[in-house]
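So the chains spell out like this:
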Amino acid sequence: KLLIYYSISPSIARVQYPRISSTDVHNHGILGKELRKKYGIGDKPVLLTVSRLVKRKGIDLVTRAMPEIWKKIPDLVYVIVGAGDERAHLQNLSNKATEESKSTQGGVLFTGSVSDEEKYGWLSACDCFILTPINSPNDFEGYGIVYKEAQMFSKPVIGSRVGGVPEAVGSKGVLVEAGNIDEIIKQVIQNIK
């Protein structure tokens, strides 16, 4: 569809999916336990986002959804891995969400940029992965390999119906309509076990 949009014949295209190298899930599981201990998370449920912190990624939507999610899962910790221009804005939103939800025993944790090893540790440690980008007239959401990496660790995955996300998430994950906070709330509550 994208080629047709630019008046290029799709017959010249060949679909080549990015490959993810297999990783030692067991060793990353040990690192995941260490990360939980380091950040004082213990056995609390973890919702994880790994992304550049930019507006188009929809991290603000998940942050805005947290007060409603905490009503059902009060000890949930939302871990945001990555760096970007939206960090200060997202931290302000998360502070407001935490203040709004007085009963939360969880919270929002920003790790900043991490190594691939630590990223895999977080993917091992989480209970559910979420990244729900929105449509942007100035940018296009491609095939998100991080969804496949989360699935490599057998984690529930929540994405949005934007760009290449549905293809990356596939039939093993859940898709929400881009920008729909109510759907985000519902799917997080259903997928945290």
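Data block above holds the structure.
Remember, predicted model here, so these are calculated numbers, not experimental data.

Every buried residue of helix H6 (residues 145-152) is listed here: Val146, Tyr147, Glu149, Ala150 and Gln151. For H6, the secondary structure elements touched by its buried residues are strand E1 (46-50), helix H5 (116-125), strand E4 (128-130), strand E5 (157-160) and helix H7 (165-169).

Turning our eyes to something else, we now look at the packing of H5 against H6. Packed helix pairs are characterised by how far apart their axes lie and by the angle those axes make with each other. Relative orientation of the contacting elements H5 and H6 amounts to 55 degrees, with a least axis distance of 9 Å. The angle between H5 and H6 places the two elements in the oblique class. For the pair H5 and H6, the crossing hand works out as right-handed. Contacts between H5 and H6 involve Lys119, Tyr120 and Leu123 on the former and, on the latter, Glu149, Ala150 and Met152.

Pairing within the open sheet is parallel, and its six strands lie in the order E3-E2-E1-E4-E5-E6. Taken across any chain shown, the strands that pair with only one partner, and hence form the sheet edges, are strand E3 (107-112) and strand E6 (174-176). For this sheet the average axis-to-axis angle between neighbouring strands, irrespective of direction, equals 25 degrees. Pairing analysis gives three bridges linking E5 to E6, with the strands arranged parallel. Each residue of the ladder has a partner; that of Ser160, found in E6, is Val176. Packed onto the sheet, helix H3 (residues 59-72) meets E1, strand E2 (77-81), E3 and E4 and runs at close to 170 degrees relative to E2.

The end-to-end C-alpha distance of helix H4 (residues 87-100), which contains 14 residues, comes to 20 Å, matching closely the 20 Å that a straight helix rising 1.5 Å per residue would cover. Of all the residues in H4, the buried ones are Leu90, Leu93, Ser94 and Ala97. An end-on view of H4 places all buried positions within 100 degrees of arc, on one side of the element. Those residues of H4 that are exposed and angled more than 90 degrees off the buried face are Lys96 and Glu99. Packing partners of the buried residues in H4 comprise H3 and E3.

What counts, and where the lines are drawn
Residues numbered from 1 in each chain as written. Predicted model: local features only at pLDDT ≥ 70, side-chain atom pairs only at ≥ 80, totals over all residues. Heavy atoms only, no water. Buried < 20%, exposed > 50% of the residue type's maximum accessible area, 1.4 Å probe, protein only. Helix = DSSP H or I, 4+ residues; strand = E, 2+ residues; numbered from the N terminus. Contact = heavy atoms within 4.5 Å. Axes fitted to C-alpha atoms, helices over the stretch in contact; angles between N-to-C directions. Parallel < 35°, antiparallel > 145°, perpendicular 65-115°, else oblique. Left-handed = near helix turned anticlockwise from the far one by under 90°. Pairing = 2+ DSSP bridges. Expected span 1.5 Å × (residues − 1). Arc of directions from axis to C-beta.

The quantities given are spatial measurements derived from coordinates; they are silent on function.
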